[in-house]
Amino acid sequence: MSSIDYNQIMSIGIYGSAIGLILIGLYAVLMKKHLTKIVIGLSIIDAGIHLLFVAIGYIDNGTAPIFSPKGLEMMAAGKTMVDPVPQALVLTAIVIGFGVTAVALSLVIRLYRHNKTARIDQIKSLKW
Amino acid sequence: MKKVLVILMLAVIGYSLGTSFSTIKFGENRIGDPKEEKNVAAYYLNRTPDELSVANVITAIVVNYRGFDTLGEVSVLFLAATGLGSILYRRRKKGEHPEVITKPASQLLQSGSKLIYPAILVLGAYVFIHGHLTPGGGFQGGAIIATGLLLMMMAYKDFEIRHNVLTWVESIAGITFVSLGLTGLIYGKTFLENFLPIGNLNDVVSGGIIPIIYIAVGFKVAAELAGVLETLLSNKEND
Amino acid sequence: MVISPVHYVAVPLLAAFLMPLLSKINREFVRIIPGLVLIYLGYVSVTLMNQVAETGTIVETLAGWSAPFGINLVFSPFTGFLATMMTAMAFIIWIYSYRFKKVDSEPAQRFYILQMMLVTGTIGIVLTGDIFNFFVFMEITAISSYALTAFYRHRDGAEAGFKYLLIGSFASTFILLAIVLLYSQVGTLNMAEIAQRMHTVPMPMKVSILILFLVGLGIEAEMFPLNGWAPDAYSQAPGPVGVTFAALVVKAGVYGLIRVVYTLFDIPSVGEFLIIMGAITLVISEVAALKQTNIKRMLAYSSIGQMGVVLIAFGIGTQEAVFGALFLMFNHAIIKGLLFMSGSYLVYNNPEKEIKYLSGYGMKMPVISLFFSLGALAIVGLPPFAGFWSKLYILMSAADSSLYGLIALILAVSIIEIVYYFRVVGRLYFGKPAEGSIMHKATPGGIIAMSILSITILVVGFYPDIITSYIHNAAEALLDKAQYIENVLPSVNDLTQIQN
């Protein structure tokens, strides 16, 4: 197998699964009727985006950007380090996603308390 | 009908995303040689061991180079906990106490959790204390500790963390973070600048204020996640 | 300690973290601390605006790493003007919300924390010079808005909040995707450096990134068709929060849109796109406002319409048009603030917030009705109130660009505005009071706040020159992309850590 094929398979695999996650999440948010499933859909969209972000930072033949003794060894052996910036940004984005999910779930609990149901088609005081 | 429209739209989105990303070659080295410093990533990789004495470049980015983002992130966590509290707030009637899960957990969970719980706490503490030397850091360590607390909460229905303690830890950790930043400002330098000596690479005590900030962040994240879990768990429906 | 832009963010954050502890000492602290913080920020604003007028844009680097290796805050005549405006409005809102509703101290504490963080978030959006930092502050604003929308327990706040959350999450998703693509192309996150390197990005990719940004930011800026969340959020949120949405949050969204379009990207035809979208937004929302029976929803649709005019003016893009747009943003913040404040009091005891219950309130609540009428007159653009000048400048700039169709459109829509606003005013003064309608006396804080806004409207209406010099500088600073880049990246080869 030439290296170009391998790279193509990898990129289709990783980008494809990340975009697939985003699409699955979008489908859940748009089509599902149960509020909790909608919130889970939001989480899945977040996961897909984070995966995309980290995938962008990968460099072939790369190692983790840590200058530990083992890392320094690997550098001497000729490996490069992957891009550290997307990983740092994803760290922040994960925490923010958690914050939004927490608030969303609390709203679901409130809606359930009020309407005794958690299905969107039965909660219709405001025009959707 | 709606289903067809949605699937169509998803196909369009998927296709456009796919074509956009196919132009970004996977694994391509866009940084170049770190010594040339053509862009920010190269700069970080090149300068961190010398200028900051921190082994984990990602920690250096999160806490020092882009520390302001981390401050924003910490406030997002704080906001989420506060928002949760405000949305789920119910005035307690006299004599009512929070209902908890009523069905007892299985024997396996109860004995197993007692064994694992201290190990999880130690692991979490290790991760956030060594954030600048090994993969991990404040957020990861705090999440591990909160997971341990969740395990205990699920196994024992009378395991309670007093909300007071959590509030104190949260606030003090947050204040530490902002004060460290402001101290930099007072000393005539910029906000969040490193004002302690940086020590040697791969020592536990190195990197100036970076480990201190990450430890504060670890405590804060653990306290906040535990608080969120506790608020959600103690709101069993009855009315 | 030198006064610098980071105080806008660090001080309120410190206060927010301290609030849970301080409230244990004394319950009243939670109401007073936001006021103190905002007074201090007002002082910071004045100092910094003076400094900017003398020495030019202030660029503050954080953590000691100069741009683009660290994050930096940019206080230019443009961003400084917006930040000062937001601080002033936040202070007036605090006066208004002091004892707005009698709540026990624990919700009050959370309310003030959320409110302060909301203000911090919007000011942070305006001041930052880094695109990911922009995203973080946008999320801070968003989460506090979701929580504040659902604050009251007995209304449909949770439902409005959930809808807002869903749509807001889409906004963050699109913006994050745009940042991912952008970083992969230019390798940096600093706005000035992105502007510098934008010409190296291939066109199809540029268009995709721009579309993602426009959709994401359009949701925050309430552009059609992405503004479905706004009427529900505005009407269900507590009174002071509705004012904050109209005066601060949407301005930050429009700022983001403008910053991306003007500074980051260099595609010329985006201006026409903005004009078209702005016009569609204007027409559809004003017609929708006509049909509303709930006063807060009517005001919300009117807000969206005004933002449509702002977008049109930004789309035209000449110096005069941008000046008009910024003036309109300023006027809209003040006037819509006054309308929301007085409107909240008018329907205080009226859970449906329906207009038809307001018959005859002109006699029973004379002061508040007067405030509302003043706001209505100002917003449709009648002289000698403040709204007249901004409309005039925008129409003049449209004439200069030979866009006569736009002039006709804006004038026609003004007639619609007059109809639905005077419908309310007429009902206030000429209707017969219904049986058993209870009105609510405004708190002293509310009266003071509304008076300050009314006086400002009158003063700016009679002497617009007080404010026009600031807006002129702001417009100049916005349009001058090269200056922005030069301010932030003084010498691209200087990579060393700086000492202040």
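Residues numbered from 1 in each chain as written. Chains lettered and ligands numbered in written order. Predicted model: local features only at pLDDT ≥ 70, side-chain atom pairs only at ≥ 80, totals over all residues.

Caption draft 1: Just the overall build of chain B, in detail. Of the regular secondary structure elements, chain B holds eight helices and zero strands. In chain B, the order of α-helices and β-strands from amino to carboxyl end is α-α-α-α-α-α-α-α. For chain B, with 239 residues in total, the buried portion stands at 45%. (Helix = DSSP H or I, 4+ residues; strand = E, 2+ residues; numbered from the N terminus. Buried ≥ 20, exposed ≤ 12 C-beta atoms within 10 Å, placed from the backbone.)

Caption draft 2: Layout of the overall build of chain A. When helices and strands are counted, chain A shows four helices and two strands. Seen in sequence order, chain A has helices and strands lined up from the N terminus as α-α-β-α-β-α. Against the compact-globule benchmark of 14 Å for 128 residues, chain A has a radius of gyration of 21 Å, which places it well outside the compact range. The principal-axis extents of the C-alpha atoms in chain A amount to approximately 65 × 35 × 20 Å. For chain A, the proportion of its 128 residues judged to be buried stands at 43%. (Rg over C-alpha atoms; globule rule 2.2 N^0.38 Å.)

Caption draft 3: Highlighting the interface of chain C and chain B. Between chain C and chain B, the residue contacts involve 46 residues of the former and 47 residues of the latter. Residue assignment for the side of chain C that touches chain B shows that the elements contributing at least two residues are α1 (7-25), α4 (105-127), α5 (131-149), α6 (157-186) and α8 (203-220) of chain C. For the side of chain C that touches chain B, the element with the most residues is α5 of chain C, which contributes 10 residues. (Contact = placed C-beta atoms within 7 Å.)

Caption draft 4: Quick peek at the interface of chain B and chain A. On the side of chain A, 42 residues touch chain B, which itself brings 46 residues to the contact. Counting only elements with at least two residues in the side of chain B that touches chain A, the list comes to α1 (2-22), α2 (40-52), α3 (57-65), α4 (67-87) and α8 (210-233) of chain B. The element contributing the most residues to the side of chain B that touches chain A is α4 of chain B, with 10 residues. Per-class residue counts for the side of chain B that touches chain A are 31 nonpolar, 10 polar and five charged. (Nonpolar A, V, L, I, M, F, W, Y, C, P; charged D, E, K, R; others polar.)

Caption draft 5: Summary view of α6 of chain C. Residues and elements named next belong to chain C. The end-to-end C-alpha separation of α6 is 42 Å, in line with the 44 Å expected for 30 residues at 1.5 Å each. Of all the 30 residues making up α6, 27 are buried; the element is thus mostly covered by neighbouring parts of the structure. Phi turns positive, to about 70°, at Gly187, one or two residues after α6. (Expected span 1.5 Å × (residues − 1).)

Caption draft 6: Representation of the environment of Ser20 of chain B in the model. Residue placement: Ser20 of chain B occurs in helix α1. Ignoring anything within four residues of it in the chain, the contact list for Ser20 of chain B reads Leu181, Met205 and Ser208 of chain C.

Caption draft 7: Summary view of the packing of helix α4 (residues 84-115) of chain A against α6 of chain C. α6 of chain C packs onto α4 of chain A with a crossing angle of 165° between their chain directions and a minimal axis gap of 10 Å. One element, α4 of chain A, and the other, α6 of chain C, form an angle in the roughly antiparallel class. Considering only the axes of α4 of chain A and α6 of chain C, their crossing is left-handed. Judged by residue contacts, Pro86, Ala93, Val100, Val103, Ala104, Leu107, Arg110, Leu111 and His114 of chain A of α4 of chain A engage Ala158, Glu159, Gly161, Phe162, Leu165, Ser169, Leu176 and Tyr183 of chain C from α6 of chain C. (Axes fitted to C-alpha atoms, helices over the stretch in contact; angles between N-to-C directions. Parallel < 35°, antiparallel > 145°, perpendicular 65-115°, else oblique. Left-handed = near helix turned anticlockwise from the far one by under 90°.)

Caption draft 8: Main features of α1 of chain B. Residues and elements named next belong to chain B. The terminal C-alpha atoms of α1, which comprises 21 residues, lie 30 Å apart, in line with the 30 Å expected from a rise of 1.5 Å per residue. All buried positions along α1 are accounted for by Leu17, Ser20 and Phe21. Angular distribution of buried residues about the axis of α1 spans 90°; they occupy a single face of the element. The outward face of α1, more than 90 degrees from its buried face, is lined by the exposed residues Val4, Leu8, Ala11, Val12, Tyr15 and Thr19. (Arc of directions from axis to C-beta.)

Caption draft 9: Seen up close, unusual backbone geometry. Positive phi, close to 60°, is recorded for Glu222 of chain C, a residue that is not glycine. On the neighbour-count criterion, Glu222 of chain C (30 C-beta atoms within 10 Å) is buried.

Caption draft 10: A look at the pairing of strand β2 (residues 72-75) of chain C. Residue and element names in this part refer to chain C. By the alternation rule, side chains of β2 split into Asn72 and Val74 and Leu73 and Phe75, which are all buried. Relative to β2, strand β1 (residues 58-61) runs antiparallel, the two sharing four bridges. Of the residues in β2, the one forming a bridge with Glu60 is Leu73. (Pairing = 2+ DSSP bridges.)

Caption draft 11: Molecular detail of the packing of helix α10 (residues 239-264) of chain C against helix α13 (residues 319-346) of chain C. Residues and elements named next belong to chain C. Relative to each other, α10 and α13 sit at 160°, their axes nearing to 8 Å. On the basis of their axis angle, the class for α10 and α13 is roughly antiparallel. For the crossing formed where α10 meets α13, the hand is right-handed. Note on element contacts: α13 touches α10 through Met329, Ala333, Lys336, Gly337, Phe340, Met341 and Ser344, opposite Gly239, Gly242, Val243, Ala246, Ala247, Lys251 and Val254.

Caption draft 12: Molecular detail of the environment of Ser414 of chain C. Residue and element names in this part refer to chain C. Relative to the elements of secondary structure, Ser414 occurs in helix α17 (residues 404-430). Sequence separation of Ser414 and Glu286 is 128 residues, and the distance between their C-alpha atoms is 9.0 Å. Residues in contact with Ser414, not counting those within four places in the same chain, are Val380 and Gly381.

Caption draft 13: Quick look at the confidence of the model for chain A. Within chain A, residue pLDDT values average 84, and 91% of them lie at 70 or more. Predicted confidence in chain A is weakest over helix α3 (residues 69-76) of chain A, with a mean pLDDT of 77, and strongest over helix α2 (residues 35-56) of chain A, with 92. (pLDDT = per-residue confidence, 0-100.)

Caption draft 14: Up close: the confidence of the model for chain B. Mean pLDDT over chain B: 81, with 87% of residues reaching 70 or higher. As scored by the predictor, the complex reaches a pTM of 0.92 and an ipTM of 0.91.

Caption draft 15: Quick peek at the environment of Ile40 of chain A. Along the chain, the position of Ile40 of chain A falls in helix α2. It is 7.7 Å that separates the C-alpha atoms of Ile40 of chain A and Gly25 of chain A, two residues lying 15 residues apart in sequence.

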